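If you want the building blocks of each chain, they are given just below.
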Amino acid sequence: QESCVKYGDEYGICPELLMAIIERESAGQVDAENGGCKGLMQIADRWHTDRMERLEVTDIYDMDSNIHVGTDYLAELFEEYGEVTTVLMVYHGEQNAVAKAENGEISKYADWILTRSAELERRNEK
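Every residue gets a number counted from 1 within its own chain, in the order that chain's sequence is written. In keeping with the model being predicted, local features are shown solely for residues with a pLDDT of at least 70 and side-chain atom pairs are shown and tallied solely at 80 or more, while totals for entire chains, interfaces and linings include all residues. Working from all heavy atoms in the structure, the side-chain values ignore hydrogens and water.

Caption draft 1: Here's a closer look at the overall build of the protein chain. Secondary structure follows DSSP: runs of H or I at least 4 residues long count as helices, runs of E at least 2 residues long count as strands, and numbering of each begins at the N terminus. For the protein chain, the count of helices and strands is 7 helices and 2 strands. Rg of the C-alpha trace for the protein chain: 14 Å, near the compact-globule value of 14 Å for 126 residues, within the 12% margin. By its C-alpha atoms, the protein chain is 40 × 40 × 25 Å across when sized along the principal axes. Going through the 126 residues of the protein chain one by one, you find that 46% of them count as buried. When checking whether two residues touch, look at their non-hydrogen atoms; a contact exists if any pair is within 4.5 Å. In the protein chain, 47% of the contacts between residues at least 6 apart in sequence involve partners at least 24 apart. Only four residue types enter the tally: Lys and Arg on the positive side, Asp and Glu on the negative side, with His and both chain ends excluded. Every charge is mapped onto a representative atom, which is NZ of Lys, CZ of Arg, CG of Asp or CD of Glu. Looking at the protein chain, you have 12 positive and 27 negative side-chain charges, and the mean spots of the two groups are 7 Å apart. The size measure is the radius of gyration over C-alpha atoms, and the globule rule it meets is 2.2 Å times the number of residues to the 0.38 power. Only protein chains enter the accessibility calculation, which uses a 1.4 Å probe; a residue whose area is less than 20% of its type maximum is buried, one above 50% is exposed, and one in between is partly exposed.

Caption draft 2: Representation of the layout of surface pockets in the model. Put simply, the grid is 1 Å and covers the protein atoms alone, a cavity is a trapped set of points that fit a 1.4 Å probe, a pocket is an open set with protein on both sides within 12 Å along at least five of seven lines, and lining residues have an atom within 4 Å of a point. Grid points are joined across faces, edges and corners, and a volume is the space filled by probe spheres set on the points. Space inside the largest pocket adds up to approximately 240 Å³. Around the largest pocket, the lining residues are Glu25, Asn34, Cys37, Met41, Gln42, Ile43, Ala44, His48, Tyr73, Tyr91, His92 and Gly93. Each residue gets one of three labels, nonpolar for Ala, Val, Leu, Ile, Met, Phe, Trp, Tyr, Cys and Pro, charged for Asp, Glu, Lys and Arg, and polar for the others, Gly among them. A breakdown of the residues in the lining of the largest pocket according to their chemical character gives 6 nonpolar, 5 polar and 1 charged.

Caption draft 3: Here's a closer look at the pattern of salt bridges. Any carboxyl oxygen of Asp or Glu that lies within 4 Å of a side-chain nitrogen of Lys or Arg is treated as forming a salt bridge with it. For the structure on display, the rule yields 7 salt bridges. For the salt bridge of Asp64 with Lys6, the shortest nitrogen-to-oxygen distance reads 3.1 Å. In this pair, Asp64 sits in helix 4 (residues 63–81) while Lys6 sits in helix 1 (residues 2–11), placing the two residues 58 residues apart along the sequence. With relative accessibility at 42%, the residue Lys6 sits in the partly exposed group. Among the ionic pairs, Arg51 bridges to Asp72, the shortest N-O distance being 2.6 Å. Of this pair, Arg51 sits in helix 3 (residues 49–54) while Asp72 sits in helix 4, placing them 21 residues apart in sequence. In this structure, Arg51 and Asp72 share a single accessibility class: buried. A single salt-bridge network, built from bridges that share partners, covers Arg51, Arg54, Asp72 and Glu76.

Caption draft 4: Fine view of helix 4. A helix is expected to reach a length of 1.5 Å times the quantity of its residues less one. The terminal C-alpha atoms of helix 4, which comprises 19 residues, lie 27 Å apart, in line with the 27 Å expected from a rise of 1.5 Å per residue. Taken together, the buried positions of helix 4 are Ser65, Asn66, Ile67, His68, Val69, Gly70, Thr71, Asp72, Tyr73, Leu74, Ala75 and Leu77. Its buried side turned inward, helix 4 meets helix 1, helix 2 (15–26), strand 2 (37–38), helix 3 and helix 5 (84–91). Looking at the residues trailing helix 4, positive phi occurs at Gly82, about 75°.

Caption draft 5: Highlighting the side chain of Thr86. Mapped onto the elements, Thr86 comes out in helix 5. What Thr86 contacts, discounting residues up to four positions off in sequence, is Tyr81, Val98 and Ala101.

Caption draft 6: Broad picture of the packing of aromatic side chains. For Phe, Tyr and Trp, where Trp contributes only its six-membered ring, two rings pair if their centres lie within 6.5 Å, and the inter-plane angle classes them as stacked under 30 degrees, edge-to-face over 60, or tilted in between. Under the criterion given, the structure shown has 1 aromatic pair. Plain terms: the ring middles of Tyr73 and Tyr91 are 5.6 Å apart, the flat faces sit at 35° to each other, and that makes the pair tilted. Taken together, the residues Tyr73 in helix 4 and Tyr91 in helix 5 connect sequence positions 18 residues apart. Both residues of the pair, Tyr73 and Tyr91, belong to the buried class.

Take a look at the structure:
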């Protein structure tokens, strides 16, 4: 997925992590929708209007734009929390994500993303 590589490089986030999030969030369906979350990375555009304006994104269903917004949001979460498990749990909108992560808990979602990301990294090394 070239958009994952492009924005992964731009933001310093592992492209395979982005690919795993897309796989889990939308199964790669660009028009996926669930409870106000839209596109590949399931962006709730109502919460990201400022981000979309800043990034000049007008169509949240556009593959490249959706990945750009999602990666920008992840980068912000990494800046704030620093640790991938916490970032994934907050991204997923889990209740008490920060407290849970600080107590060493890892959600099924975060565990799945990390496991899948590692699988994709191994596959892409070949």
